[in-house]
Amino acid sequence: MNRFAALLDRLAYESGRNAKIRLMADYFATTPDPERGIALAALTGALSFTNAKPGLVRALIQERADPVLFAMSYDYVGDLSETVALMWPLPEGAAPPDHAPLLSEIVHGLETLPKRALPGQLADWLDGLDDTGRWALLKLITGALRVGASARLAKTAVATLGGLAPDEVELVWPGMAPPYLELFAWVEGRAPRPENLDPAPFRPVMLSHAIEDSDFTALDPSAFAAEWKWDGIRIQAVAGVSPEGERIVRLYSRTGEDISPAFPDLVEALDFEGAMDGELLVVREGRVQSFNVLQQRLNRKTVTAKMLRDYPAHMRAYDLLVEAGEDLREQPFAARRARLAALIARTASPRLDLSPLVPFASWEALAAARADPASAGAGVDAEAVEGVMLKRADSLYLPGRPKGPWWKWKRDPHTVDAVLMYAQRGHGKRSSYYSDYTFGVWTQAEGVDTLVPVGKAYFGFTDEELLAIDKFVREATVNRFGPVREVLHEPDAGLVLEIAFEGLARSTRHRSGIAMRFPRIARLRWDKPPREADRLETLEKLLGAEG
Amino acid sequence: MRPDELLHPAPGGLYCPKGDFFIDPTRAVPRALITHGHSDHARAGHGHVLATRETLDLMAIRYGANFAGATQAIAYGESVEIGGVTVTAHPAGHVLGSAQFELSWRGCTIVASGDYKDARDPTCATFVPVRCHVFISEATFGLPVFRHPDAATETAKLMNSLHVFPERAHIVGAYSLGKAQRVMALLRAAGHSAPIYIHGALEKISAYYQACGIPLGDIRLAKEAKKADFAGAVVIAPPTSITDIWSRNFPEPVTAFASGWMRVRARARQRGIELPLVISDHADWDGLTAAISATGCEEVWVTHGAEDALVHWAMTRQLRARPLHMVGYGEEENEAPPAAPAPASPPEATP
């Protein structure tokens, strides 16, 4: 447990994706079975630790430590689990246990222990662990561990052990269970590739490249089909029958995460057998809702009856990978599409439909359709269209992001002129640069124009622009809060940033009441005085239009 | 007699009326006893300074040869008489040359320990508990959450990171007097034999440590090295430099900080630290309470830090205890001054 805790601790401080992968890979390479497999399960969310309430932790420390000293310490540290982990004393006169509990022992204990035995066992474990081990254990069992490492990242780290592509691990993953002995044996070249016996496995998805204006000249419009690009969540719906004859249906995110438990309404409604690629959307009264509405259903482990009623999930299909055991990925897109259309025509499910093709004769015609989806066939669903997809009619279904067969041509982003208010230092390559920017727009407060923060952006600029902003931040600092600097932002002095973003949503977490999707810096407007930056009313109007 | 007659807090520091001297005064005084060379304890401009040879030398390095009107060196275990008060120096284990001063007069003994630690440190003499009636203790880490791990295990974290990220520079923030040299010695003890690069601010003090017979290995100035040299190298710099413009010369740096404050996660995050190393030159909670017990004192005076918790603990052990509410200490150790002053007027430059 102490070693795993040290990894979690290091991951929590590390912000770089590649660095996190390497830290995990190093841990997997140097930790024996079955410990590393249990750790992998913990990192991929395959284990559920939630067992203890903060009240239990508080009671344990009150028994062990002077309450005045605990109160002073908690006041200083500000986090219950961390305070307890740091100050946890051995019973007076006791020698430290000679054996630190292993992660596997703790996981086994939590699974099998009766609830009333938990406090005593927890105290014994805490006695045996170091401070980082105690911190990780308390965070795990109170369900408050945040280290910023996704399941995908952990699987990628496993793949690097054997120089494999992450998708290869993804392919065999659904058949695997903790402690993943066959998986590690395979990636380390000690055993053959495990057979994926899962009746509804994930298949790595095919991704597209963003198209640039200069790409079109080399492309022949007649070789391509076009579809609407829906502003939802890309999913893969897979249905099959287990050896026991049980029907298994799963929904996967594009990274292979099983998201079925959050969408029982859609799982239940699917009546085909095979693997289908499409967009998860919320459809109400025959109309696709905006991404903001869909968001009510995202990032949840379970779902309430009210949510099922208010936000019904729907799948709009655009590709068929497997049908009734027959793998179609080696067939051209046109053939797969025909099979898909036939399958959808047979389905009785009202929650499954076909993403229509957008007819076009030239790139100009397609540009016109993209500019006005409502009159080019998208009808009432036009607001949920975020551009068009181009797919070569002869393209095979290739996992990854091959260049050439598929292109995405997104609608132009929204832009707003905002004023830089705060800047924060970045990490790694950017560790000495002020590279995270909080920006605001004007609003009236008690009759006075004032700036209200509306978002944060940390990319979109060139290296030269970063240097220029960094210089500005250092010269225009008016306040410091740790790594954050407040910069001058007055009507006639400050820096205006042109921010591009994909959409807006209402938010109670932001003072402005608005959250931006995917904001990035489009241009630096040195020429523009802050007083000419946009107003909150402009954003509110846009929010109204988006619903 | 009351111990207060021998020593008491006064504006400017702890004052001994019988000997007419101050200990670690925060302003210039005619006669001062200096426990160690950190700038919050050792200031320039006193009339006469009594300190260990090493502390006097370090003050000369920092402030120039004329930092005081006159100086007098005292060795560990040596006693001198000042106005009838017997003053004896003992090792404090904080940094090279750091001393506790034992003051005896008419059967009353007070020990002013300055800053101290009981943990092993190859770069300075080990702390010795001195029997006394009154023990004056710091409380920088005077909360039970501060229990510093073994410095060798913290060094192992840095060694492991060098192994996982062999192409990245590892910039370690460390106070220029004491901590920086201790980190170098710890790395050498862990088997790191490659050159260690340093910020210019560490040059003279590190050279002085080596001249005193403390081996630190191959130490080189970062400004004289090429960018390629820093891949997988350790670079040690004062805390203010590790996340500022100075660090741009290094390839994809891992930002580390060696300090007892790194024990608390929020503290490390606020500074943007990626690799916190809990290495402290102050006693931790267990060290403070053990040191106080070992002196056999009847009374504890707490100078600076988390006084309330240590005073509370002492009272639960039937010791008389009081906070001295001394101001002006702990600044070199706590927070570094901002790198550059904020401009008073709006900048006109827009590229």
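No experiment lies behind these values; they were computed from the predicted model shown.

Q: So what exactly am I meant to see when it comes to the overall build of chain B here?
A: A tally of regular secondary structure across chain B gives nine helices and 19 strands. Taking 2.2 N^0.38 as the reference for a compact globule, 351 residues should give roughly 20 Å; the C-alpha atoms of chain B span a radius of gyration of 21 Å, in line with that estimate. With the C-alpha coordinates aligned to their principal axes, the bounding extent of chain B is approximately 65 × 50 × 45 Å. Here the analysis covers contacts within chain B between residues at least 6 apart in sequence; of these, 58% occur between residues at least 24 apart. Taking the 31 positively charged and 36 negatively charged side chains of chain B as two groups, their mean positions are separated by 2 Å.

Q: Honestly, empty space enclosed by the protein in this entry has me stumped. Any pointers?
A: Where empty space is left becomes clear once a probe the size of a water molecule has been rolled over the atoms. All names here are of chain B. Scanning the model with the defined rule gives four cavities of 30 Å³ or more in all. Around the largest cavity sit 13 residues that line it, and Leu14, Asp24, His41, Gly114 and Thr303 are the ones nearest its centre. By residue class, the composition of the lining of the largest cavity is six nonpolar, six polar and one charged.

Q: Sorry if this is basic, but what is going on with the pattern of salt bridges here?
A: Close approach of charged atoms lets side chains of opposite charge pair. Residue and element names in this part refer to chain A. For the structure on display, the rule yields 56 salt bridges over all chains. Close ionic contact of Arg336 with Asp319 constitutes a salt bridge, the shortest N to O distance being 2.7 Å. Remark: Asp319 occurs in strand 7 (residues 313-323) and Arg336 occurs in helix 16 (residues 333-346); sequence separation between them is 17 residues. The exposure classification of Arg336 matches that of Asp319, with both residues buried.

Q: What is the right way to look at the packing of aromatic side chains in this model?
A: The relation between two aromatic rings is expressed through the spacing of the ring centres and the mutual angle of the planes. By the definition in use, this model includes 26 aromatic pairs over all chains. Judged by centre distance (5.6 Å) and plane angle (65°), the ring pair of Tyr76 of chain A and Phe146 of chain B falls under edge-to-face. Here Phe146 of chain B lies in the loop between strand 11 (134-139) and helix 3 (151-164) and Tyr76 of chain A lies in helix 5 (residues 67-77), a pairing that spans two chains. Take Phe146 of chain B: its relative accessible area is 2%, and that puts it in the buried class. Ring geometry for Tyr15 of chain B against Phe22 of chain B: centres 4.7 Å apart, planes inclined by 45°, an arrangement best described as tilted. A residue is classified by how much of its surface remains accessible, and Tyr15 of chain B, at 19% relative accessible area, is buried. Through successive ring pairs, a cluster of aromatic residues spans Phe216, Phe224, Phe360, Trp363 and Trp409 of chain A.

Q: Can you walk me through the domain arrangement of chain A in this structure?
A: Accessible area lost when the parts come together is the quantity often used to give the size of an interface. Residues and elements named next belong to chain A. What the domain assignment lists for chain A is domain 1 (209-410) and domain 2 (414-546). A separation of 35 Å is found between the C-alpha centroids of domain 1 and domain 2. At the junction of the two partners, domain 1 supplies eight residues and domain 2 supplies six residues. Linking domain 1 with domain 2 are one salt bridge, by the criterion used here. Asp231 is the salt-bridge partner of Arg517, the closest N and O atoms lying 3.0 Å from each other. The interface formed by domain 1 and domain 2 holds two residue pairs in polar contact (both at pLDDT 80 or more) in total. Its residues placed into classes, the side of domain 1 that touches domain 2 shows one nonpolar, three polar and four charged.

Q: Got a minute to help me understand the domain arrangement of chain B in this structure?
A: All names here are of chain B. Structurally, chain B comprises domain 1 (3-145 + 281-331) and domain 2 (151-277). Just the C-alpha atoms count here: the centres of domain 1 and domain 2 sit 29 Å apart. Inspection of the domain 1/domain 2 interface yields two salt bridges. Its salt-bridge partner being Asp281, residue Arg182 comes within 2.9 Å of it at the nearest N-O pair. The tally of links from domain 1 across to domain 2 stands at seven residue pairs in polar contact (both at pLDDT 80 or more). For the side of domain 1 that touches domain 2, the per-class residue count stands at eight nonpolar, four polar and eight charged.

Q: How do you make sense of the sheet that holds strand 15 (residues 234-237) of chain B when you look at a structure like this?
A: Consider a sheet: its strands pair through backbone hydrogen bonds, and that pairing is either parallel or antiparallel. Residues and elements named next belong to chain B. In spatial order, the strands read 14-13-15-12-16-17; together these six strands make up an open sheet with parallel pairing. In this open sheet, the two strands that pair with only one neighbour each are strand 14 (219-221) and strand 17 (275-277). Averaged over neighbouring strand pairs, the angle between their axes works out to 30° when direction is ignored. In this sheet, strand 15 lies alongside strand 12 (residues 170-173) in parallel orientation, the contact comprising four bridges.

Q: Explain helix 1 (residues 2-13) of chain A here, please?
A: Side chains that are three or four residues apart share a direction in an α-helix, a result of its 3.6 residues per turn. The terminal C-alpha atoms of helix 1 of chain A lie 17 Å apart, and with twelve residues this matches the ideal 16 Å at 1.5 Å per residue to within 8%. All of the buried residues in helix 1 of chain A are Asn2, Phe4, Ala5, Leu7, Leu8, Asp9, Arg10, Leu11, Ala12 and Tyr13 of chain A.

Q: Hey, could you run me through the environment of Leu288 of chain B in this one?
A: Summarising the element assignment, Leu288 of chain B is placed in helix 7 (residues 285-294). Every residue in contact with Leu288 of chain B, bar those within four places of it in the chain, is listed here: Tyr116, Ser137, Glu138, Ala139, Phe141, Gly142, Ala283 and Leu310 of chain B.

Q: Help me understand the side chain of Gln289 of chain A, please; the structure alone is not making it clear to me.
A: All names here are of chain A. Its place among the elements puts Gln289 in the loop between strand 6 (287-288) and helix 14 (291-294). Given the relative accessible area of 15%, Gln289 is considered buried. The residues touching Gln289, leaving out its near neighbours within four places in the chain, are Val282, Arg284 and Ala384.

Q: Can you walk me through the interface of chain A and chain B in this structure?
A: The interface of chain A with chain B comprises 47 residues on the first partner and 54 residues on the second. In total, chain A and chain B occlude about 4,200 Å² of area from one another, counting both sides; carbon and sulfur atoms represent 53% of this. Linking chain A with chain B are five salt bridges, by the criterion used here. The closest approach of N and O atoms between Arg22 of chain A and Glu167 of chain B, which form a salt bridge, is 2.9 Å. One can count twelve residue pairs in polar contact (both at pLDDT 80 or more) joining chain A with chain B. Elements with a contribution of two residues or more to the side of chain A that touches chain B: helix 1, helix 2 (17-30), helix 5, helix 6 (80-87), helix 9 (131-141), helix 18 (463-475) and strand 15 (477-481) of chain A. For the side of chain A that touches chain B, the leading source of residues is helix 5 of chain A, giving six residues. Per-class residue counts for the side of chain A that touches chain B are 22 nonpolar, nine polar and 16 charged.

Parameters at a glance
Throughout this document, residue positions are counted from 1 along each chain, in the order its sequence is written. Both sets of labels track the order of writing: A upward for chains, 1 upward for ligands. Totals for whole chains, interfaces and linings use every residue, but because this is a predicted model, local features are given only for residues with pLDDT of at least 70 and side-chain atom pairs only at 80 or more, for both listing and counting. Only heavy atoms go into the side-chain values, all of them from the structure, while hydrogens and water stay out. Helix numbering and strand numbering both begin at the N terminus, where a helix is a DSSP run of H or I of at least 4 residues and a strand a DSSP run of E of at least 2. A radius of gyration in this sense is built from C-alpha atoms; the matching globule rule multiplies 2.2 Å by the number of residues raised to 0.38. Whether two residues are in contact is decided by their heavy atoms, any of which lying within 4.5 Å being enough. Positive charge is attributed to Lys and Arg, negative charge to Asp and Glu, and no charge count is given to His or to the chain ends. Charged side chains are reduced to one point each, which is NZ for Lys, CZ for Arg, CG for Asp and CD for Glu. Cavities and pockets are defined on a 1 Å grid built over the protein atoms alone: a cavity is a set of grid points where a 1.4 Å probe fits but cannot escape, while a pocket is an open set with protein on both sides within 12 Å along at least five of seven lines, and lining residues are those with an atom within 4 Å of any such point. Grid points are joined across faces, edges and corners, and a volume is the space filled by probe spheres set on the points. Note on residue categories: nonpolar means Ala, Val, Leu, Ile, Met, Phe, Trp, Tyr, Cys or Pro, charged means Asp, Glu, Lys or Arg, and polar means any other residue, Gly included. We count a salt bridge whenever a side-chain nitrogen from Lys or Arg sits within 4 Å of a carboxyl oxygen from Asp or Glu. Exposure classes here rest on a 1.4 Å probe applied to the protein chains alone. A residue is buried below 20% of its type maximum, exposed above 50%, and partly exposed in between. Stacked, tilted and edge-to-face are the three classes applied to pairs of Phe, Tyr and Trp rings, where Trp contributes its six-membered ring and a pair requires centres within 6.5 Å; stacked means planes under 30 degrees apart, edge-to-face means over 60, and tilted covers the rest. Note: domain ranges come from an automatic or database domain assignment. A 3.5 Å cut-off defines polar contacts: any pair of N or O atoms within that distance qualifies, except that in protein one atom must be a possible hydrogen donor and the other a possible acceptor, and neighbouring residues in sequence count only when both atoms are side-chain atoms. Pairs of strands are assigned from DSSP output, requiring at least two bridges between the strands. Fitted lines through C-alpha atoms serve as axes, helices being fitted only where they are in contact, and the angles separating the N-to-C directions of these axes extend from 0 to 180 degrees. In this analysis, the expected span of each helix is defined as 1.5 Å times one less than the number of residues it contains. Simply put, the buried area is the total loss of 1.4 Å probe accessible area from both parts when two parts are fitted together.

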